[in-house]
Amino acid sequence: MSREKFVTIVSTAVPLPMENVDTDQIIPARFLKATTREGFGENLFRDWRYDSNNKPNADFVLNNSKFLGDILVGGKNFGSGSSREHAAWAIYDHGFKVVVSSFFADIFKNNALNSGLLPIQISEDDLEEIFNAIESDSKEKFEVDLTNQTLRIQSSGKAISFDINPYKKECMLNGYDDIDYLINLKSEIEAFEMSHR
């Protein structure tokens, strides 16, 4: 499924300074009945966003209009637990393009990259600095530059480098999924076949 190209974004961020956020907290199992990627965003963090009467929990960050943006900043060990792809789908469908943490569960990280969601893993010290920047000013902006693999805190100008698999980077820069990537190589594949007949 083709998706939007990711090159650079500048955005405010939503802080979720909780460690060990697992995939069942991100999208509870009872909402996993659909087979397409759309519609999961409305139930992102459902049991934290709403009380038992389905009333919004005013204390939860996604219900606080002070915090908006395309970047979700989570605590250490984000995306642990079961391997459900739906967790990444829910975050992306809610409107986030980037999720930042000091550590991601490997399966969640791969599911995020496959869904068009950029997981940025940084040091614990850098993560704390980002949380502090948001706490000081909820309108603090961050620039994510995928080409140069940097996350910049705009007020201080500090640029934090991050790693990404080169293949996944190319897919995100071009808006490719795995099938799109192969289709893009069609002429090269055909030329190879012709030269090896």
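What you see is a predicted model, and the numbers here were worked out from it, not measured in a lab.

S.K.: Please explain the overall build of the protein chain as it appears in this structure.
M.R.: On a plain count of helices and strands, the protein chain comes out with eight helices and eight strands. Buried residues in the protein chain amount to 46% of all 197 residues. Nonlocal contacts in the protein chain, meaning residues at least 24 apart in sequence, comprise 64% of its contacts between residues at least 6 apart. Accessible surface, the protein chain: about 10,400 Å² in total, of which carbon and sulfur atoms supply 47%.

S.K.: Would you mind going over the packing of aromatic side chains with me for this structure?
M.R.: Where two aromatic rings form a pair, the distance of their centres and the angle of their planes describe that pair. What the rule picks out here adds up to seven aromatic pairs. Ring centres of F104 and F108 lie 6.0 Å apart, and the angle between their planes is 20°; on these two criteria the pair is classed as stacked. Of the two residues, F104 and F108, both sit in the buried class. Across from the ring centre of Y50, 4.2 Å away, lies the NZ or CZ of R46, which sits over that ring.

S.K.: I tried to follow the sheet that holds strand 8 (residues 159-161) on my own but got confused; where do I start?
M.R.: Backbone hydrogen bonds are what pair the strands of a sheet, in a parallel or an antiparallel way. As summarised here, the arrangement of the four strands in space is 1-6-7-8, forming an open sheet in which the pairing is antiparallel. Each of the sheet's edge strands pairs with one partner strand only, and the pair in question is strand 1 (8-11) and strand 8. Here the strands of the sheet are splayed against their neighbours by 15° on average, with no regard to which way each runs. Sheet topology note: the strand 7 (residues 150-153)/strand 8 ladder contains three bridges and is antiparallel. Across the sheet, the residue bridging to L151 is I160, located in strand 8.

S.K.: Just to check I follow, could you spell out helix 3 (residues 86-94) for this structure?
M.R.: In an α-helix, one turn spans 3.6 residues, which is why side chains three or four residues apart end up on the same side. The set of residues buried in helix 3 consists of H86, A87, A88, W89, A90 and I91. Following helix 3 by one or two positions, G95 adopts a phi angle in the positive range, close to 120°.

S.K.: Help me understand the pattern of salt bridges in this model?
M.R.: Pairing between side chains of opposite charge can happen when the charged atoms of each approach one another. Following the criterion strictly, the structure yields six salt bridges and no others. Among the ionic pairs, D47 bridges to R30, the shortest N-O distance being 2.5 Å. Residue D47 is found in helix 2 (residues 46-49), and its partner R30 is found in the loop between helix 1 (23-26) and helix 2; the two are separated by 17 residues along the sequence. One salt bridge in this structure joins K158 and E129, with 2.8 Å as the shortest N-O distance. You can see K158 sitting in the loop between strand 7 and strand 8 and its partner E129 sitting in helix 5 (residues 124-136), a full 29 residues away along the chain. Taking the relative accessible area as the measure of exposure, E129 reaches 29% and is therefore partly exposed.

S.K.: Honestly, the nonpolar core in this entry has me stumped. Any pointers?
M.R.: Among soluble globular proteins, nonpolar side chains are generally buried collectively. Counting residues in each nonpolar core, the largest one holds 51 residues, and the members touching the most others are F45, F78, F108, L118 and V144. In this structure, L118 is in contact with F6, K97, V98, V99, L113, V144, L146, F162, I164 and M172, ignoring residues within four places of it in sequence.

So, how was this worked out
Residues numbered from 1 in each chain as written. Predicted model: local features only at pLDDT ≥ 70, side-chain atom pairs only at ≥ 80, totals over all residues. Heavy atoms only, no water. Helix = DSSP H or I, 4+ residues; strand = E, 2+ residues; numbered from the N terminus. Buried < 20%, exposed > 50% of the residue type's maximum accessible area, 1.4 Å probe, protein only. Contact = heavy atoms within 4.5 Å. Areas by Shrake-Rupley, 256 points an atom, 1.4 Å probe, with all protein chains shown as cover. Phe/Tyr/Trp six-rings, centres within 6.5 Å; stacked < 30°, edge-to-face > 60°. Lys NZ or Arg CZ within 6 Å of the ring centre and 35° of its normal. Pairing = 2+ DSSP bridges. Axes fitted to C-alpha atoms, helices over the stretch in contact; angles between N-to-C directions. Salt bridge = Lys/Arg side-chain N within 4 Å of Asp/Glu carboxyl O. Core = buried A, V, L, I, M, F, W, Y, C linked by side-chain atoms within 4.5 Å.

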